[in-house]
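Per-entry structural report
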Amino acid sequence: MVSFSAKSVWEACRHRNSFQPWYSVVWSSQGMPRWSFIMWLAVLGILSTKDRLVNWGLVVPPLCSFCLTDTESHSYLFFDCQFSSLVWKQVLTRNGIARPIEPLAQELDWAVHHRKGKNLRDSLYKLSLAASIYTLWGKRNMRIFQGKSRNEGAIALDIFNSVRTKVIFSFGFGVLVIVWPFDALVVLVTRGMPL
């Protein structure tokens, strides 16, 4: 008698794409699904940025909604744009990372090589990256559709607060005190989360 299972049928039918090295950065187990989803769309280059809208034949002003100096594309919006790069610089600084700002593709490459673990430091970085992309995309849409704008510092503060809230709820109340910047991090962990 031949054994049958839904899993074996699924494995036989599904098409497997090649493994993407950025997978664990985008789909971090500690991440917020909506953050990961928007980040995934950004990594694939399929968010409806203005360059894509123009290519589809829509008549829209092609300039970046934040800086109004260059054509909005995925690589420009995340993090070639002066506005978004200032936000990302504040987030990196808060995570104790001092290095030049790179576009998203290079940022993912850096993360794959330097933040591949599940410890608190690596998790904070991955959450910060996902929250930054999600928040910047949302603020960009708010500027376009509602005419509301916020400065770099206010957006960075939104990102910090979102990440802080997620960390407290993800790691439980075992993480009692988190003081950013990262070099001044004081963490009391009761669940054995390594630094």
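Further up the page is the structure itself.
Below you will find a few notes about this structure. (Residues numbered from 1 in each chain as written. Predicted model: local features only at pLDDT ≥ 70, side-chain atom pairs only at ≥ 80, totals over all residues. Heavy atoms only, no water.)

1. What to know about the pattern of salt bridges
- Counted according to the given criterion, the structure contains six salt bridges.
- Residue R115 pairs with D122 through a salt bridge whose shortest N-O separation is 3.7 Å. Here R115 and D122 have matching classes, each one buried.
- The structure contains a network of salt bridges with shared partners spanning R115, R121 and D122. (Salt bridge = Lys/Arg side-chain N within 4 Å of Asp/Glu carboxyl O. Buried < 20%, exposed > 50% of the residue type's maximum accessible area, 1.4 Å probe, protein only.)

2. Observations regarding the packing of aromatic side chains
- Scanning the model with the defined rule gives seven aromatic pairs in all.
- An angle of 65° between the planes, with centres 6.1 Å apart, marks the rings of W88 and Y125 as edge-to-face. On the criterion of sequence distance, the pair formed by W88 in helix α6 (residues 82-94) and Y125 in helix α8 (residues 120-146) is long-range, its members being 37 residues apart. Each member of the pair W88 and Y125 is classed as buried.
- Among the aromatic residues, those joined into a ring-pair cluster are F78, F79, W88, W110 and Y125.
- Seen from the ring of F160, R94 lies directly overhead, with NZ or CZ sitting 4.1 Å from the centre.
- In this structure, R143 packs its charged tip against the face of F83, placed 4.9 Å from the ring centre. (Phe/Tyr/Trp six-rings, centres within 6.5 Å; stacked < 30°, edge-to-face > 60°. Helix = DSSP H or I, 4+ residues; strand = E, 2+ residues; numbered from the N terminus. Lys NZ or Arg CZ within 6 Å of the ring centre and 35° of its normal.)

3. Looking at a nonpolar patch on the surface
- There is a patch of nonpolar side chains on the surface, built from F19, Y23, W27 and F37 and spanning about 470 Å² of accessible area.
- Within the secondary structure, F19 sits in the loop between α1 (6-13) and α2 (23-26). (Patch = residues over 30% accessible without salt bridge, like charges linked within 9 Å, V, L, I, M, F, W, Y side chains within 5 Å. Areas by Shrake-Rupley, 256 points an atom, 1.4 Å probe, with all protein chains shown as cover.)

4. Here we look at the layout of surface pockets
- Its volume calculated, the largest pocket comes out at about 230 Å³.
- Tallied by class, residues from the lining of the largest pocket come to six nonpolar, three polar and no charged. (1 Å grid on protein atoms, 1.4 Å probe; cavity = no way out; pocket = protein on both sides within 12 Å on 5 of 7 lines; lining within 4 Å. Points joined across faces, edges and corners; volume = space filled by probe spheres on them. Nonpolar A, V, L, I, M, F, W, Y, C, P; charged D, E, K, R; others polar.)

5. Remarks on the side chain of K50
- Tracing the backbone shows K50 in helix α4 (residues 50-55).
- Buried charge K50 goes without a salt bridge, the closest partner of opposite sign being E72 at 4.8 Å.
- Of the polar contacts made by the side chain of K50, one reaches the side chain of S65; its length is 3.2 Å.
- Discounting residues that sit within four places of it in the chain, K50 has contacts with V60, P61, P62, L63, S65, E72, R140 and I144. (Lys, Arg positive; Asp, Glu negative; His and termini not counted. Polar contact = N/O pair within 3.5 Å; in protein donor to acceptor, adjacent residues only side chain to side chain. Contact = heavy atoms within 4.5 Å.)

6. Here's the deal with empty space enclosed by the protein
- Within the structure shown, the criterion is met by one cavity of 30 Å³ or more.
- Empty space within the largest cavity amounts to approximately 30 Å³.
- V25, V26, S28, G31, M32, W35, S36, K126, L127 and A130 are the residues that line the largest cavity.
- Put simply, the parts of the chain that give the lining of the largest cavity at least two residues each are α2, α3 (33-44) and α8.
- Counting residues per element, the lining of the largest cavity draws most heavily on α8, at three residues.
- Of the residues that constitute the lining of the largest cavity, the class distribution is six nonpolar, three polar and one charged.

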